[in-house]
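One-letter residues, chain by chain:
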Amino acid sequence: MKYVLVTGGVVSGLGKGVTASSVGVVLKACGLRVTSIKIDPYLNTDAGTMSPFEHGEVFVLDDGGEVDLDLGNYERFLDVRLTRDNNITTGKIYQSVLDKERRGDYLGKTVQVVPHITDAIKNWIESVSVIPVDGKEGPADVCVIELGGTVGDIESMPFIEALRQLYFSLGEDNFCLIHVSLIPVLGVVGEQKTKPTQHSVRELRALGLTPHFLACRSAEPLLEATKQKLSQFCHVPVGNILNIHDVPNIWHIPLLLQNQNAHNAILAQLDLHSVATLPNLQEWTNRAQKVDGLKDSVRIAMVGKYVGLTDSYLSVVKALLHACTACSLKPAVDWIAASDLEDESAKLTPELHAAAWKTLKSAACVLVPGGFGDRGVKGMILAANYARENKVPYLGICLGMQVSVIEFAQSVLGLEKANSSEFDAQTPDPVVIFMPEPILIFYFTFVARYHNHKYVDERHRHRYEVNPEMVDMLEEAGLKFVGKDESGQRMEIVELPNHPFYVGVQFHPEFKSRPGRPSAPFLGLVLAATGQLGDYLSQQQNGSL
């Protein structure tokens, strides 16, 4: 196994995840099989209980693992299916070591950070890296590891030490270290500054790791003089100083690396030239150029709880991009805080209330994504009501599906106190109730016709679902549950007939959307918003798509 370690310095949020994913794309384009590991040094066991405002989206994997959003980047870029073990956290490592200590596995020895914690980290990396994630048998050729945070963070020290030991045991030909850093430009001087990167590399070398490559983030392309200075003071060859400057869209990043001959340099470092092929990134080139050339856009109202941080809905945004790109459109997402639509907001913040409703009414379609807790739910119900009554295309995901059912029960069935037991445990009409357990979905709808499948496996992140005892009443009033689990008890997809597109899904289709393979519910929403859905389905049924 060959390893590529991606670390970061100076500041967080430089794009280590996109850099790591892009390195994987370039190596995959050379005919190599690639897997990925994300190390998060926080003490949480996983990202499942972390606030979206603080940490962004929680990405859900096929095995139900709730992980860092960077694993979503890996899956989208590399088109792989990772496992929960591909996300290593301090919490997981310490928990595994303490469980061993309680069982007596250490035979009475004093359990310490070195060697026990560091050994656990190395063993975890080596065991997970050989798990195939691309649908083929046998281990991958290269494992790309991203170390979260910045070099020097106290919580990442055990991981740095474990990676130093791993590097030493594997040897020079099996390990490649890429350090992502920032090259700022001071407004007054206008000079590209290398000192922050110099200090960051010095810190890394003091911990026993020397970078083979620098991936320098900057607003504009690096000057040759800047590269020479970095090379001189950071002891990295000029040819190994990669510049990842700002680009129109992130699909350009693998192309940037290829244009700087990064693939050859990395293959040489890992002694993989004998098994690699010439890189084929034509699909990425076409995709990047297509997005750059898009002129027309579609306005999408995103009514959510966590709109203060757009990373809270990162996969939803990416799924919209995939769907819009397939329709030769640019997504124009209008973020609306659900609470701003509520009647209470009209009293407390009338300007925000008016602006939110103006934005909603100017959109071509409405999307209500998932969330937890009752804050903003009334606003989501109002958005669902507006879309239903005004024939505006609507897609509700997870909580968004539930509020569409609650709204229908309140407005059409006349059950004014209908609610979810999650928000009101005493509601006399619980249309949504607590129903845990994973499911296999069985449905007939646009989604099924698009996939040409009767059974589809999707990813879930919620324990509340539509009350099966109220399904008959809802369907008699016109709401149709066209997707169910194999037991027929869990309602997974709801549609409203005689509406351009009014769909709710209990699962999270955004997690399986890919560039070039948009998720069906998102594609249906965009097609309906632009008046193309009927023609698309007719062409598909006629076999012309």
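Every chain begins its residue count from 1, and numbering advances along the sequence as written. The predicted nature of this model means local features are confined to residues of pLDDT at least 70 and side-chain atom pairs, given and counted, to a pLDDT of 80 or more, with totals for whole chains, interfaces and linings taken over all residues. The basis for every side-chain value is the complete set of non-hydrogen atoms in the structure, without hydrogens or water.

1. Comments concerning the pattern of salt bridges
Selection criterion: Salt bridge, as used here, is a side-chain nitrogen of Lys or Arg placed within 4 Å of a carboxyl oxygen of Asp or Glu. Only DSSP runs of H or I with at least four residues qualify as helices, and only runs of E with at least two residues qualify as strands; both kinds are numbered from the N terminus onward. Under the scheme applied here, a residue whose accessible area is under 20% of the maximum for its type counts as buried, over 50% as exposed, and between as partly exposed, the area being computed with a 1.4 Å probe on protein chains only.
Using the criterion set out here, one finds 25 salt bridges in the structure. With a shortest N-O distance of 3.1 Å, Asp62 and Arg81 are connected by a salt bridge. Of this pair, Asp62 sits in the loop between strand E3 (59-60) and strand E4 (66-67) while Arg81 sits in the loop between helix H3 (70-78) and strand E5 (87-89); the two residues are 19 residues apart in sequence, bridging distant segments of the chain. One salt bridge connects Arg459 with Asp62, and the closest N-O pair in it is separated by 2.8 Å. Of this pair, Arg459 sits in the loop between strand E17 (455-456) and strand E18 (464-466) while Asp62 sits in the loop between E3 and E4; the two residues are 397 residues apart in sequence, bridging distant segments of the chain. The class for Arg459 is buried, based on a relative accessible area of 3%. Take Asp62: its relative accessible area is 30%, and that puts it in the partly exposed class.

2. Remarks on helix H20 (residues 533-541)
Rules: What the arc measures is the spread of directions leading from the helix axis to the C-beta atoms.
Among the residues of H20, Leu533, Tyr536 and Leu537 are the ones counted as buried. Down the axis, H20 shows its buried residues gathered within 95° of arc, on one side only.

3. Concerning the pairing of strand E7 (residues 175-182)
How we decide: When DSSP finds two or more bridges between two strands, those strands count as paired. When the strands point away from the viewer, a crossover counts as right-handed if the path from the first strand over the helix to the second runs clockwise.
Summarising burial for E7: seven of the eight residues are buried, a large majority. The sheet contact formed by strand E1 (residues 2-8) and E7 spans six bridges and is parallel. The residue of E7 that forms the bridge with Val6 is Ile178. Taken together, the five bridges between E7 and strand E8 (residues 213-218) define a ladder with parallel strand orientation. Its bridge partner lying in E8, Val180 is registered against Ala215. As for the winding sense of the linkage, the β-α-β connection from E7 through helix H7 (residues 195-206) to E8 is right-handed.

4. Observations regarding the UniProt feature "domain: CTP synthase N-terminal" (unreviewed entry) in the chain
Worth spelling out the cut-off: UniProt positions are given in the numbering used here, feature names are shortened, and annotations may be inferred rather than shown by experiment.
Feature annotation in UniProt places "domain: CTP synthase N-terminal" (unreviewed entry) on residues 2-272, given in this structure's numbering. In the segment residues 2-272, helix accounts for 40% and strand for 17%; the C-alpha atoms at its two ends are 9 Å apart.

5. Concerning the environment of Met435
As a reminder of what qualifies: Residue contacts are counted whenever heavy atoms from the two residues lie within 4.5 Å of one another.
Along the polypeptide, Met435 turns up in the loop between strand E15 (430-434) and strand E16 (441-443). The exposure class of Met435 is buried, given its relative accessible area of 11%. Between the C-alpha atom of Met435 and that of Ser181, which follows or precedes it by 254 residues, the distance is 46 Å. Among all residues touching Met435, those that are not within four sequence positions of it are Arg463, Tyr464, Glu465, Val466, Pro468, Gln489 and Arg490.

6. Here we look at the packing of aromatic side chains
Any pair of aromatic rings gets described here by the distance separating the centres and the angle formed by the planes. Quick reminder of the rule: Here a pair means two rings of Phe, Tyr or Trp (six-membered ring of Trp) with centres within 6.5 Å. Their orientation is stacked below 30 degrees between planes, edge-to-face above 60, and tilted elsewhere. Sitting over a ring, as applied to charges here, requires NZ of Lys or CZ of Arg to be within 6 Å of the ring centre and within 35 degrees of the ring normal.
Across all of its chains, the model carries nine aromatic pairs by this definition. Aromatic side chains Phe77 and Trp284 sit 5.2 Å apart centroid to centroid with 40° between the ring planes, which places their arrangement in the tilted category. Taken as a pair, Phe77 in helix H3 and Trp284 in helix H11 (residues 282-293) lie far apart in primary sequence, 207 residues in all. Exposure class is identical for Phe77 and Trp284. Each is buried. Relative to Phe175, the ring of Tyr167 has its centre 4.7 Å away and its plane inclined at 20°; by these criteria the two rings are stacked. In this structure Tyr167 comes out as buried when scored by relative accessible area, which is 14%. Members of the aromatic cluster, joined through ring pairs, are Phe53, Tyr306, Tyr313 and Trp335. One cation-aromatic arrangement involves Arg287 over Trp284; the distance from NZ or CZ to the ring centre is 5.2 Å.

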